[in-house]
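The residues making up each chain are set out below.
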Amino acid sequence: MARVSINIVTWNSLKYLPEALESISRQTYRDFSVLIIDNASSDGTIEYVRSEHPEVAVLRNTHNLGFCRAHNQGIAYAKAHLKSDNGDPLILITNPDILLEPDFLERLVKEIDRRPEAGSAGGKLLKVYKKGSVELAETVKTDVIDTTGLKLFRSRRLVDRGAGETEAEGRYDRLEEVFGVSGAVALYRLEALDDAALNDEYFDEDFFAYKEDVDLAWRLRLRGWSALYVPWARAYHYRTAAGSERATARQIAAGRRGRSHLVNVLSYRNHWLTLAKDDFCVNRLLHLPWIVPYETGKFLYVLFLEPATLAAVPGFLRLWPKMRRKHRIIMKNARTKPKFMRRWMA
């Protein structure tokens, strides 16, 4: 048993998994176990893990249950196996396309232990890519920021804070609170996950995948948990679609064209689901001058330039009654007030 469970959901992830597991094996903090929840991969992922990393526990699903349900399975499994005599049990959620610096976990655990009010912690993620032929590809680590946490605007646009900037600009070098941490790699206090769970779900399984980290970050905030950004905990991310906090409308559109149809549909639908579930009604009213132009512009873009993404609309309408029921439960149990939440909307 261990204090920290490192949980990875895989779905045909063999392209990235060997590097990710190698970076995990080099962690200076050793009180952890690794759990892979596989969503019916067909690329040899399971065979590789069992052959090369027999110390890694594996839960294998017979079909793709989605990111959210798979991680819920992993958290439930870890909850039954973690020990707490060396501190609060912790869950590190990480994508298979992440490379951790050797002291990443040690630094995150150290800082979250200092702050019992912190329900989550994230580090500085930088971009990494492959250069050269497939057989001889070289891993190139950059100083371009992928995320330093989640940032929410009054328009309800949410971005990865600092995305597209470089470390040399020095804007994200101090430890601080953020609205939430990116689910690409995030350390959660198990107590906080239990506290924010809704209907026994940590990640909302109606989301299937995408934006589930935003929803969880919002619910943790509503329950009074803080989120910590630790700049000296560094990792690298092979993000398939590059983004930027300062992106222009044209750049945002180009980024959307670089994503798959399914990603665009789920992201658009789940953005609306999050607002329906987690936002105080009074805050929505106060911020209508920002929300309406943003949502109108986004809808018109989809309508005329990306009509296939309109498939998100019937999906949202089908789930709307369920989200309203969840909203009533979340608001009834919220420990924070609307004014406090507005502090996190730039």
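Report follows, based on the coordinates.

Criteria and cut-off values
Per chain, residue numbering runs from 1 following the sequence as it is written. In keeping with the model being predicted, local features are shown solely for residues with a pLDDT of at least 70 and side-chain atom pairs are shown and tallied solely at 80 or more, while totals for entire chains, interfaces and linings include all residues. Calculated side-chain values reflect all of the structure's heavy atoms, with hydrogen atoms and water omitted. Residues belong to a common nonpolar core when they are buried Ala, Val, Leu, Ile, Met, Phe, Trp, Tyr or Cys residues joined through side-chain atoms within 4.5 Å. Using a 1.4 Å probe on the protein chains alone, a residue whose accessible area is under 20% of its type maximum counts as buried, one over 50% counts as exposed, and one in between counts as partly exposed. We count a stretch as a helix when DSSP gives it H or I for four or more residues in a row; a strand needs E for two or more, and each element gets its number in order from the N terminus. The contact definition used throughout considers only heavy atoms, calling two residues in contact when any of these lie within 4.5 Å. Any pair of N or O atoms that falls within 3.5 Å is considered a polar contact. Within protein, one atom must be able to donate a hydrogen and the other to accept it, and sequence-neighbouring residues count only if both atoms are side-chain atoms. Axis definition: a line fitted to C-alpha atoms, over the contacting stretch in the case of helices. Angles run 0 to 180 degrees between N-to-C directions. Crossing handedness: left-handed means the near helix sits turned counterclockwise from the far one by under a right angle, and right-handed means the same turn made clockwise. Note that Gly is not counted as nonpolar here; it falls among the polar residues with everything else outside the nonpolar set of Ala, Val, Leu, Ile, Met, Phe, Trp, Tyr, Cys and Pro and the charged set of Asp, Glu, Lys and Arg. Two joining distances apply to patches: 9 Å for like charges and 5 Å for nonpolar side chains (Val, Leu, Ile, Met, Phe, Trp, Tyr), and every residue must have over 30% relative accessible area and no salt bridge. Only the protein chains shown count as covering a residue, and every accessible area follows the Shrake-Rupley method with a 1.4 Å probe. In what follows, salt bridge is the name for a side-chain nitrogen of Lys or Arg lying within 4 Å of a carboxyl oxygen of Asp or Glu. In this charge count, Lys and Arg are treated as positive and Asp and Glu as negative; neither His nor the chain ends contribute. The criterion for an aromatic pair is that two Phe, Tyr or Trp rings (for Trp, the six-membered ring) have centres within 6.5 Å, with stacked assigned to planes under 30 degrees apart, edge-to-face to planes over 60 apart and tilted to the rest. Charges are assigned to positions over rings by a cutoff of 6 Å between ring centre and Lys NZ or Arg CZ, combined with an angular limit of 35 degrees from the ring normal. We call two strands paired when DSSP finds no fewer than two bridges between them. Expected span of a helix: the number of residues minus one, times 1.5 Å. In this context, the arc is that of the directions from the helix axis out to the C-beta atoms.

## Quick notes on the nonpolar core
Here's step 1: Formed by 43 residues in total, the largest nonpolar core has its most connected members in Ile75, Ile91, Tyr188 and Leu193.
Here's step 2: The biggest single contributor to this core is helix 8 (residues 261-278), with 5 residues.
Here's step 3: Those residues within four positions of isoleucine 75 in sequence are excluded, and the remaining contacts are Asn7, Ile91, Ile93, Leu190, Leu193, Tyr202 and Phe203.
Here's step 4: Judged by nonpolar contacts, the second largest core, of 32 residues, contains Leu21, Ala118, Val230 and Ala235.

## With respect to the side chain of asparagine 61
Here's step 1: Its location among the elements puts asparagine 61 in strand 3 (residues 57-61).
Here's step 2: The exposure class of asparagine 61 is buried, given its relative accessible area of 10%.
Here's step 3: Of note is the side chain of asparagine 61, whose polar atom sits 3.1 Å from the side chain of asparagine 39.
Here's step 4: The contact partners of asparagine 61, leaving out residues within four places of it in the chain, are Ile37, Asp38, Asn39, Ala40, Ala70 and Gln73.

## Points about the packing of helix 1 (residues 17-25) against helix 2 (residues 45-52)
Here's step 1: In the contact formed by helix 1 and helix 2, the axes pass within 11 Å of each other and the chain directions differ by 35°. Like other packed secondary-structure pairs, helix 1 and helix 2 cross with a definite hand, here right-handed. Taking contact as the criterion, the partners of Leu17, Pro18 and Leu21 in helix 1 are, on helix 2, Thr45, Tyr48 and Val49.
Here's step 2: Residue composition of the contact of helix 1 with helix 2, by class: 5 nonpolar, 1 polar and no charged.

## Topic: a nonpolar patch on the surface
Here's step 1: Taken together, the side chains of Phe299, Leu300, Leu303, Phe304 and Leu305 present a nonpolar region at the surface, about 500 Å² in accessible area.
Here's step 2: Looking at the secondary structure, you find leucine 305 in helix 10 (residues 288-305).
Here's step 3: The exposed category is assigned to leucine 305, whose relative accessible area is 63%.

## Some words on the environment of phenylalanine 104
Here's step 1: Relative to the helices and strands, phenylalanine 104 is located in helix 4 (residues 104-114).
Here's step 2: Separated by 18 residues in the primary sequence, phenylalanine 104 and glycine 122 place their C-alpha atoms 9.6 Å from one another.
Here's step 3: Excluding residues that lie within four positions of it along the chain, phenylalanine 104 makes contacts with Gln27, Leu92, Gly123, Val185, Ala233, Arg234 and Ala235.

## Overview of unusual backbone geometry
Here's step 1: For arginine 156, which is not glycine, the phi torsion reads 75° and is therefore positive.
Here's step 2: The topology assignment puts arginine 156 in the loop between strand 8 (150-152) and strand 9 (158-160).
Here's step 3: Judged by its relative accessible area of 1%, arginine 156 is buried.

## Side note on the pattern of salt bridges
Here's step 1: Under the counting rule described, the total for this entry stands at 28 salt bridges.
Here's step 2: Two residues, glutamate 22 and arginine 26, come together in a salt bridge whose shortest N-O distance is 3.7 Å.
Here's step 3: Across the salt bridge formed by lysine 322 and aspartate 206, the nearest N and O atoms sit 3.2 Å from each other. Here aspartate 206 lies in the loop between helix 5 (190-196) and helix 6 (212-222) and lysine 322 lies in helix 11 (residues 312-333), a separation of 116 residues in the sequence.
Here's step 4: By relative accessible area, lysine 322 is classed as partly exposed at 34%.
Here's step 5: The class of aspartate 206 is buried, set by a relative accessible area of 16%.
Here's step 6: One salt-bridge network, in which partners are shared between bridges, spans Asp204, Asp206, Asp215, Arg219, Lys277, Lys322 and Lys326.

## Structural notes on the side chain of glutamate 201
Here's step 1: Among the structural elements, glutamate 201 can be located in the loop between helix 5 and helix 6.
Here's step 2: No salt bridge is formed by the buried glutamate 201; its nearest oppositely charged neighbour, lysine 326, is found at 4.6 Å.
Here's step 3: Apart from the residues within four sequence positions on either side, glutamate 201 is in contact with Asn72 and Arg219.

## Description of the packing of aromatic side chains
Here's step 1: The final tally for this structure, using the stated rule, is 7 aromatic pairs.
Here's step 2: Between the aromatic rings of tryptophan 272 and phenylalanine 316, the centroid separation amounts to 5.4 Å while the plane-to-plane angle is 65°, which identifies the pairing as edge-to-face. Of this pair, tryptophan 272 sits in helix 8 while phenylalanine 316 sits in helix 11; the two residues are 44 residues apart in sequence, bridging distant segments of the chain.
Here's step 3: In this arrangement the basic side chain of arginine 161 is found over the ring face of tyrosine 229, its NZ or CZ atom lying 5.0 Å from the centre.

## Structural notes on the pairing of strand 11 (residues 185-189)
Consecutive side chains of a regular strand alternate in pointing toward one face of the sheet and then the other.
Here's step 1: Buried residues dominate strand 11, accounting for 5 of its 5 residues.
Here's step 2: Residue alternation in strand 11 divides its side chains into two sets, Val185, Leu187 and Arg189 and Ala186 and Tyr188, and both sets are buried.
Here's step 3: Pairing analysis gives 5 bridges linking strand 4 (residues 90-94) to strand 11, with the strands arranged antiparallel. Bridge pairing links leucine 90 to arginine 189 in strand 11.
Here's step 4: Two strands pair when backbone bridges link them, and strand 6 (residues 118-131) and strand 11 are joined in this way by 2 bridges, in the antiparallel orientation. Opposite alanine 121, over in strand 11, you have leucine 187 as the bridge partner.

## Here's the deal with helix 10
Here's step 1: The end-to-end C-alpha distance of helix 10, which contains 18 residues, comes to 25 Å, matching closely the 26 Å that a straight helix rising 1.5 Å per residue would cover.
Here's step 2: If you check which residues of helix 10 are buried, you get Ile291, Glu295, Lys298, Tyr301 and Val302. Angularly, the buried residues of helix 10 cover 120° about the axis, an arc narrow enough to put them on a single face. Counted as exposed and oriented over 90 degrees from the buried face of helix 10: Pro289, Phe304 and Leu305.

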